[in-house]
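Inside the fold
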Amino acid sequence: MSDSEPTSPVKSSTRKILAVLGRYFAPQWRPSVLLLLLLLTGIGLQLINPWILSQFIDQAVAGAPLNTLLKLAGAFLLFALLRQLDTVAESYLAANIGLRATNQLRSDLARHCLNLDMAFHNARTPGEMIERIDGDVDRLNNFFARFVIDLLGNLLLLIGVLILVWRIHWQVGAALTGFSLATFILLNRLRDIGVPLYREARQANAMLYGFIEERLAGTEDIRANGGVAYVMRRLLEHARRLFRADLKANLMSVSVFGFTRALFMAGTGVALGLSAFLYLDGILTIGAVYLSYRYTEVLLQPIEVINRQIQDLQQAGASVARVQDLLARTSRIQDTGTTPLPQNGALPVQFEDLTFGYIDDDNATGAPLELVLRGLSFTLPAGSVTGLLGRTGSGKTTLSRMVFRAYDPTGGAVRLGGLDLRAAPLADVRRAVGVVTQEIQLFHASLRDNLTLFDPAVPDAQIESVIRELGLGDWLDDLPDGLNTLLQPGGGGLSAGEAQLLAFVRVFLSDPQVVVLDEASSRLDPATERLLEQAITRLLTGRTGIVIAHRLGTIERVDNVIILERGQVLEFGARAALASDSSSRFSQLLATGLEEALV
Ligand code: ATP
Ligand code: MG
């Protein structure tokens, strides 16, 4: 996780922050104005009560009638109550503004990331994505909700209080103005000491959770391979780093807090001492002494808040910078094609001198590390079924990814129905090509949602008929809640064969024109295998099929065979012809036994 910090966080990120703030804050200017009004009202209420109390004291000392005192007390209570109401309304409004703005930003970010290319996603763990879409945005919540308002409001409060104390007596005013300035500068210094400590604590936190997330996902493998003790040790190391960082950060914040309190006490002492002298000289009344004491206390709030907001600005700066980086990323897959693909019927698939290599996401030049596919040229006629064979790592899955434009070619082209994939809208390509991947992803959702990928428009009857058509009728009848049965997270509780059959149902429902089937290499029991065979036959009828086969049963149904080796075509031809030619690589493969030869 890169945490690139600009040298002067406040300055260099201010413009970025303002840009993001403007975009997400602007739609909420109305509630924000209301919030500002509430804040100003709150400030007024906060300033008026000490004054009423000082009047009360002076009147009481002067022996005013009870009625006058009661009126003052009543006014005091009323204003105190109003201030509480004001605070509640203000908090509600601020939370509302903050959440609306950040939720919008969150969904914009999530949408943006979903449209980014696979190279981007391959380079990042789910934990990191969560941190960037949720964590960073969460840290901006306060920022959106309160920053401008708090800064403005508290600045006004500060000025207001200073004016009021100057009005009590110029000496008190001068002393407290000097004190405010000194406190401000001191706190500013202290804050800079704390920032790296807080940053380290956050980083340690992110690392710990990244670690936990990844290990939890791999818990089965870790247990099976006896890695538990090692994982526990690493966990403890991460936890220790977090513990130390947190301890330091907390110690720091407690010390800063204590120091601030001490400063404030000193300020109160100065104000009280000065007032006492002025009182003894007969310049101030006892009520005015109280007032200057109270206002000193009120004074501390804006100093604290403004300081906290500046600290928040620094933290928000780092988050905003990351959010902006993310938003500024463009997908390597540009959806600019406009020529529609034919809607119906099987489509021919052509590979024209296709070259491809995966790129490292960090590499700005976009040059591939090494070529995985090299100069592939062949045509799969519409409606034909082609079996793709080759050793592990020879590029079969990679080739299949090219067909639905998960990646763009490094050189050459892939054509569907004669049209370069890049010339067609991406949505057309994804609709035309159905994919069953080697590792089928099932979600912790109902069977129905898993099959339709959360599209409520597909009628239940249609889903059921496809399930029965693919031979899963008995399986469906055994489910407790039929289509509403909740599948376990990650497809737990389903056999590999069942998961594949469900993936077939998925593809069937989307009715594609081209089907890419990357067969799982796991061995299946004969009954499931028979079911799969039938299902594959049904799936491929009337469609152009590319089948990455690991089993003899699957290979026997294909029309053509391609054998890949290190990203190049070793052999391409009609299956029947290749099988009967005893010098072909394919017939040698059949003789050795497919399963053994391909591992
Ligand atoms: P298998 O039979 O094991 O499924 P395969 O023929 O499908 O193998 P591919 O998955 O296409 O092989 O991999 C071909 C090469 O590309 C391998 O060297 C692999 O390491 C590399 N590769 C595959 N996926 C990626 C990726 N997302 N990023 C970088 N390199 C990759
Ligand atoms: Mg593969």
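These numbers were taken from a predicted model, which means no experiment stands behind them.

1. Section: the sheet that holds strand β6 (residues 433–436)
Within a sheet, neighbouring strands are paired by backbone hydrogen bonds and run either parallel or antiparallel to one another. Across the sheet, which stays open at both edges, the six strands sit in the order β6-β7-β8-β3-β9-β10 with mixed pairing between neighbours. Looking at strand neighbours, the two that pair on one side only are β6 and β10 (568–574), the edges of this open sheet. Put simply, the sheet's adjacent strands are angled 15° from each other on average, direction ignored. Sheet analysis places β6 next to strand β7 (residues 514–518), joined by four bridges and oriented parallel. Within β7, the residue paired with Val 433 across the bridge is Val 514. Against the sheet, helix α16 (residues 496–510) contacts β6 and β7, and its axis sits at roughly 175° relative to β6.

2. A few points about helix α6 (residues 141–168)
Between the first and last C-alpha of α6 there are 40 Å, a value that for 28 residues agrees with the 40 Å anticipated at 1.5 Å per step. When the local axis directions of α6 are compared, the greatest deviation, roughly 45°, occurs at Phe 147.

3. Brief notes about the site of ligand 1
As a structural note, the neighbourhood of ligand 1 is formed by 14 residues, with Thr 392, Gly 393, Lys 396, Thr 397 and Thr 398 the closest of them. One of the side-chain N or O atoms of Lys 396 is found 2.7 Å from an oxygen atom in ligand 1. With respect to ligand 1, the side chain of Gln 438 contributes an N or O atom lying 2.9 Å from an oxygen atom. Broken down by element, the residue count for the shell around ligand 1 peaks at four residues, all from helix α11 (residues 396–403).

4. Section: the coordination of the magnesium ion (ligand 2)
Only Thr 397 (OG1) and Gln 438 (OE1) from the protein coordinate the magnesium ion (ligand 2), and they sit 1.9 to 2.5 Å from it. Pair noted here: Thr 397 is in helix α11 and Gln 438 is in the loop between β6 and α13 (447–452), with a separation of 41 residues, a long-range link.

5. A short note on the domain arrangement of the chain
On domain assignment, one finds that the chain holds domain 1 (21–328) and domain 2 (349–442 + 494–597). Relative placement of domain 1 and domain 2: their C-alpha centres are 57 Å apart. At the junction of the two partners, domain 1 supplies six residues and domain 2 supplies four residues. Carbon and sulfur atoms supply 53% of the area buried between domain 1 and domain 2, which totals about 410 Å² over both sides. Counting across the domain 1 and domain 2 interface gives one salt bridge. Between Asp 361 and Arg 124 there is a salt bridge, with its nearest N and O atoms 2.8 Å apart.

The rules behind these values
- Residues numbered from 1 in each chain as written.
- Chains lettered and ligands numbered in written order.
- Predicted model: local features only at pLDDT ≥ 70, side-chain atom pairs only at ≥ 80, totals over all residues.
- Heavy atoms only, no water.
- Pairing = 2+ DSSP bridges.
- Helix = DSSP H or I, 4+ residues; strand = E, 2+ residues; numbered from the N terminus.
- Axes fitted to C-alpha atoms, helices over the stretch in contact; angles between N-to-C directions.
- Contact = heavy atoms within 4.5 Å.
- Expected span 1.5 Å × (residues − 1).
- Bend = angle between axes of the 7 residues up to and from the residue.
- Near = heavy atom within 4 Å.
- Polar contact = N/O pair within 3.5 Å; in protein donor to acceptor, adjacent residues only side chain to side chain.
- Donors = N, O, S within 2.8 Å, 3.2 Å for Na, K, Ca; no water.
- Domains from an automatic or database assignment.
- Buried area = accessible area lost by both parts, 1.4 Å probe.
- Salt bridge = Lys/Arg side-chain N within 4 Å of Asp/Glu carboxyl O.

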